[in-house]
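Notes for the structure review
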Amino acid sequence: MADAPPVDESHIGETPLLRVEHPDVPCEVYAKPEWYNLHAHPYGGGSVKSRIARSMLDAAAAADDLNDDALVVEPSSGNTGTALARLGVARGYDVEIVMPAEAPVEKAEAIRAAGGTVTVAPDYETMLAVADRRVTEADAYMPDQYANPANPAVHERTTGPEIRAQTAERVTHFVAGAGSGGTVTGVGRALRERGDVTVVGYEPAEPRHGIDGLKYVRGSRYHDPAVYAADELDAVLSISTADAYYEARRLRERYAERDPEIHDTGQYDAALVREHLRADGEFLVGPSSGGALAAVTRLADHGDLGSDDVVVVPFPDRGDRYAHVPLWDDYL
Ligand code: PMP
């Protein structure tokens, strides 16, 4: 079994809420920086997927689907794989992540550093077939975030209620990208219990070479994930990669000289949040965070946001893991 770096699972969830000013949006905008999940882990790479890795492993253990020495196999573009490797190895499982060659090299490194192994498939289509074959060959367990109800359920149980509490029930809109669709579906369910919240999803305009973490393969079961309840959403927007990168770059520029206001620290202390926000001296968010801001801007452009509205978006991961795409280049 691989070496298991220590993981403090209590450092999952209750992430901070940041106030994010946006010149094109007439109302308050807040973001949940999800890279704080497992922030203290020496190998970094925390993301929104820490939440579902824990809930899926818990559900499997409770259902007796995992022996003590089980092999966990999951196809992933990186964040789910990193989270499963960190939690799974620490719990004593072997973890093998099947990644497409085009996925971020930083995420493959994070998986290996956590004690997992990486099997590289040529592309996204092949990744699914390779993972299925490995499950059969090795009698492994696949959590399958695309079909696992523990994925949206953890967002309904934790992320959504956190947003309601951190905004003192003032949230009027939640806007998030759909990869598996677990975040927008689960948070949407928690917010809709209140009755008057608008829940908007967005999908990548270019599914095959689009926004990282949101691309899924047309014609496969990953194109219409079972956990993604698009019919429950108030709207689904289509966001281009260029618009997502543009918004991430504008955010960095707006906050070049100052930090975003920490509205609520969640389970972390304010000094630590400030330190981590600018870990690289800059406020960097990943492409899907930029995409969420692009979707909010679209709503504002269409006159769908008023001055009393309170919009919340997830920032699923940090932008320091995207050297493989021109996220920070000047070409836009
Ligand atoms: N952003 C990033 C960076 C991701 O990795 C993912 C999931 N792959 C998402 C957004 C979308 O989250 P969800 O799967 O809950 O829809």
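Residues numbered from 1 in each chain as written. Predicted model: local features only at pLDDT ≥ 70, side-chain atom pairs only at ≥ 80, totals over all residues.

Looking at an unreviewed UniProt entry, one finds the protein named Cysteine synthase and attributed to Halarchaeum nitratireducens.

**Quick notes on the overall build of the protein**
Scanning the protein from terminus to terminus reveals 9 helices and 10 strands. Over its C-alpha trace the protein gives a radius of gyration of 19 Å, about what one expects of a compact globule, namely 20 Å for 332 residues. Counting every position in the protein, which comprises 332 residues, the buried fraction comes to 52%. Expressed as a percentage of contacts within the protein between residues at least 6 apart in sequence, the contacts between residues at least 24 apart total 76%. (Helix = DSSP H or I, 4+ residues; strand = E, 2+ residues; numbered from the N terminus. Rg over C-alpha atoms; globule rule 2.2 N^0.38 Å. Buried ≥ 20, exposed ≤ 12 C-beta atoms within 10 Å, placed from the backbone. Contact = placed C-beta atoms within 7 Å.)

**Quick notes on the environment of Tyr 228**
Relative to the assigned elements, Tyr 228 resides in the loop between β7 (198–204) and β8 (235–239). Looking at Tyr 228, the number of C-beta atoms within 10 Å reads 25, which means it is buried. Once you skip the residues sitting within four places of it in the chain, Tyr 228 turns out to touch Ala 178, Ser 180, Gly 181 and Thr 185.

**A closer look at unusual backbone geometry**
At Asp 64, a residue that is not glycine, the phi angle is positive and equals roughly 60 degrees. By the element assignment, Asp 64 lies in the loop between α1 (49–62) and β3 (71–75). On the basis of neighbour counts, which here come to 7 C-beta atoms within 10 Å, the residue Asp 64 falls in the exposed class.

**Overview of the sheet that holds strand β10 (residues 310–315)**
Pairing is mixed in the open sheet, where 7 strands are placed in the order β8-β7-β6-β10-β2-β1-β9. The open sheet has two free edges, formed respectively by β8 and β9 (261–264), since each of these has just one partner strand. Looking at each pair of strands side by side, their axes are set apart by 30 degrees on average, direction ignored. Sheet strands in contact with helix α9 (residues 287–301) are β2 (28–33), β6 (173–177), β7, β8 and β10, and its direction is about 135 degrees off that of β6. (Pairing = 2+ DSSP bridges. Axes fitted to C-alpha atoms, helices over the stretch in contact; angles between N-to-C directions.)

**Concerning the site of the ligand**
Not every one of the 15 residues close to the ligand is listed here, only the nearest: Gly 179, Ser 180, Thr 183, Gly 213 and Ser 288. Broken down by class, the residue content of the shell around the ligand amounts to 3 nonpolar, 10 polar and 2 charged. (Near = placed C-beta within 6 Å. Nonpolar A, V, L, I, M, F, W, Y, C, P; charged D, E, K, R; others polar.)

**Here we look at the pairing of β3**
On any regular strand, side chains alternate: one points to one face of the sheet, the next to the other face. Across the 5 residues of β3, 4 count as buried, placing the element largely inside the fold. One crossover worth recording links β3 to the parallel strand β4 (residues 94–100) by way of helix α2 (residues 79–90), and it is right-handed. (Right-handed = clockwise from strand over helix to strand, strands pointing away.)

**Describing α1**
Taking 1.5 Å of rise per residue, 14 residues should cover 20 Å, and α1 covers 20 Å from first to last C-alpha, within 8% of that figure. Across the 14 residues of α1, 10 count as buried, placing the element largely inside the fold. Within α1 the residues assigned to the buried category are Lys 49, Ser 50, Arg 51, Ile 52, Ala 53, Arg 54, Ser 55, Met 56, Leu 57 and Ala 60. Where the residues of α1 are buried, they touch α2, α5 (150–166) and α6 (182–192). Once α1 ends, the next one or two residues include Asp 64, with phi positive near 60 degrees. (Expected span 1.5 Å × (residues − 1).)

**With respect to the sheet that holds β3**
Pairing within the open sheet is parallel, and its 3 strands lie in the order β3-β4-β5. Edge positions in the sheet fall to β3 and β5 (117–121), since each of these pairs with one other strand and no more. Here the strands of the sheet are splayed against their neighbours by 20 degrees on average, with no regard to which way each runs. Where β4 and β5 come together, 5 bridges link them in parallel fashion. Its bridge partner lying in β5, Val 98 is registered against Thr 119. The strands that helix α4 (residues 124–138) touches are β3, β4 and β5; relative to β3, the one it contacts most, it runs at about 165 degrees.

**Side note on the packing of helix α7 (residues 241–254) against α9**
Two elements in contact, α7 and α9, have axes separated by 7 Å at closest approach and are oriented at 95 degrees. Comparing the axis directions of α7 and α9 gives the class roughly perpendicular. Of the residues in α9, those touching α7 at Asp 243, Ala 244, Tyr 245, Glu 247, Ala 248 and Leu 251 are Pro 287, Ser 288, Ser 289, Gly 290, Gly 291, Leu 293, Ala 294 and Thr 297. (Parallel < 35°, antiparallel > 145°, perpendicular 65-115°, else oblique.)

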